[in-house]
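Structure assessment
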Amino acid sequence: MSTSKSPFTKEQLLPQEEMIEVARKKGKLFIGIPKETHYQEKRVCLTPDAVAALTNHGHRVLLESNAGIGASFTDRDYSEAGAEITNDSSKVFGCPIILKVEPPSIEELKHINPQTVLISALQLKTQSKEYFQELAKKRITALGFEFIRDVDGAYPAVRALSEIAGTASVLIASELMSSATDSGSGLMMGNISGVPPVEVVIIGAGTVGEFAARSAIGLGANVKVFDNSITKLRCIQTNIGRTLFTSTIQPKNLLKALRRCDIVIGAVRGKNRAPVIVTETMVERMKTGAVVIDVSIDMGGCFETSEVTSHDHPVFEKHGVIHYCVPNIPSRYARTSSLSISNIFTPYLLQIGDEGGIENAVRFDRGLKNGLYFYHGILTNKSIADWFDLSYRDINLLIL
């Protein structure tokens, strides 16, 4: 009797039942949007059009009255889009999903129900250990939108707000140079025939630097970009589509550019703090009436002379140089910023609904999972754990 040469057993060769994937049931989201209480924060997470898109998919949106007024969206706009409006902030914080631009304060966290999903910015440098302890106590699942990654590995929320900050920095500088301000030099960025163009120095060739350069070039200025990354300098020229002055940050070359420039924009980031690139001595040697826009002031600033200012009193003068050091530049253009943030949030919220909830969504979306820093009260972000000396768990061990 011949032996079988098949590597399979008789049972394995029998026809098997086909295993069909069980379809995930779509979920209905109930989203609360409270009014922003952070100082001079005028943005809102969702526009009326975004609310209409969500309500058309069967989701509910509860909005605190006047939450969008700073971005020129009225309660009527939201109501007509399908949102429910309330004056009671505790009702909004009682929703299963809370959507905010700024992270909630400790007082606001006390109004949030246990097991709530919180989606907002984290702003790690402004937080305290107590904030994370409160999240753990309430067993909250929290997503920081500055940590969410796109399909190509980029950070969409950070990039969008950086684009606004970069473009705004040039517009603000142009306004500060006009004769309408007491200390303005009276120069106009417009490349007028027969008039030498305005000189602009940009320190940092990231997204902020790129969009500042685009705007300055569009207004006819001479632009010089400094960065220690040759790759970034090469990319900025490729993205802008033209040759421009680029240099590594060498004190001699930088000082020469600063002495001649009319505007200097600081857009350098650091791991824990922005490095100080421009010393006070360098600022002293700049032109009288020159304008400094320190976009990296939210990380300490890259100018030694920088001091944090507000939208109410945005500028101060030091050594004859005008300094603009407002940390929250996108909030100055609240409607544009709100539209930009809303464009990022809406697809993710629809995806969470289609996947049947946040649990399934983060299971199948690696970029969304990257934004998760608290999962049912368990810290899942190593950077936060190291910064505040807290214990954490790997999210991949909690969500399979």
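Model, not experiment: these values are computed from the prediction.

1. Details of empty space enclosed by the protein
As enumerated under the stated definition, the model contains 2 cavities of 30 Å³ or more in all. If you add up the space inside the largest cavity, you get close to 40 Å³. Every residue along the wall of the largest cavity is listed here: Ile119, Leu143, Ile148, Phe345, Tyr348, Leu349, Ile352 and Leu368. Considering each element in turn, the lining of the largest cavity owes the most residues, 4 residues, to helix α12 (residues 334-354). Computed from the structure, the second largest cavity encloses a volume of approximately 40 Å³. Around the second largest cavity, the lining residues are Phe145, Ala157, Ala160, Leu161, Ser340, Ile341, Ile344 and Phe345.

2. Remarks on the sheet that holds strand β13 (residues 321-324)
Across a sheet, paired strands are connected by hydrogen bonds in the backbone, their directions being either parallel or antiparallel. Sheet architecture is open: 7 strands sit in the order β9-β8-β7-β10-β11-β13-β12, paired in mixed fashion. In this open sheet, the two strands that pair with only one neighbour each are β9 (245-247) and β12 (315-318). Across the sheet, the mean angle from the axis of one strand to that of its neighbour is 20 degrees, orientation sign disregarded. Bridge analysis of strand β7 (residues 199-203) against strand β8 (residues 222-226) gives 5 bridges, and the strand direction is parallel. Within β8, the residue paired with Ile203 across the bridge is Phe226.

3. Considering the domain arrangement of the protein
Here the domain parsing of the protein yields domain 1 (24-144 + 334-397) and domain 2 (160-332). Between domain 1 and domain 2, the C-alpha centre-to-centre distance is 33 Å. The partner domain 2 presents 12 residues to the 14 residues of domain 1 that form the contact. Between domain 1 and domain 2, the buried area comes to about 970 Å², and carbon and sulfur atoms account for 45% of it. The largest share of the area that domain 1 buries against domain 2 comes from Gln40, Arg43 and Lys125, three residues that together contribute 46% of it. Between the two partners, domain 1 and domain 2, sit 0 salt bridges.

Conventions and cut-offs
Residues numbered from 1 in each chain as written. Predicted model: local features only at pLDDT ≥ 70, side-chain atom pairs only at ≥ 80, totals over all residues. Heavy atoms only, no water. 1 Å grid on protein atoms, 1.4 Å probe; cavity = no way out; pocket = protein on both sides within 12 Å on 5 of 7 lines; lining within 4 Å. Points joined across faces, edges and corners; volume = space filled by probe spheres on them. Helix = DSSP H or I, 4+ residues; strand = E, 2+ residues; numbered from the N terminus. Pairing = 2+ DSSP bridges. Axes fitted to C-alpha atoms, helices over the stretch in contact; angles between N-to-C directions. Domains from an automatic or database assignment. Contact = heavy atoms within 4.5 Å. Buried area = accessible area lost by both parts, 1.4 Å probe. Salt bridge = Lys/Arg side-chain N within 4 Å of Asp/Glu carboxyl O.

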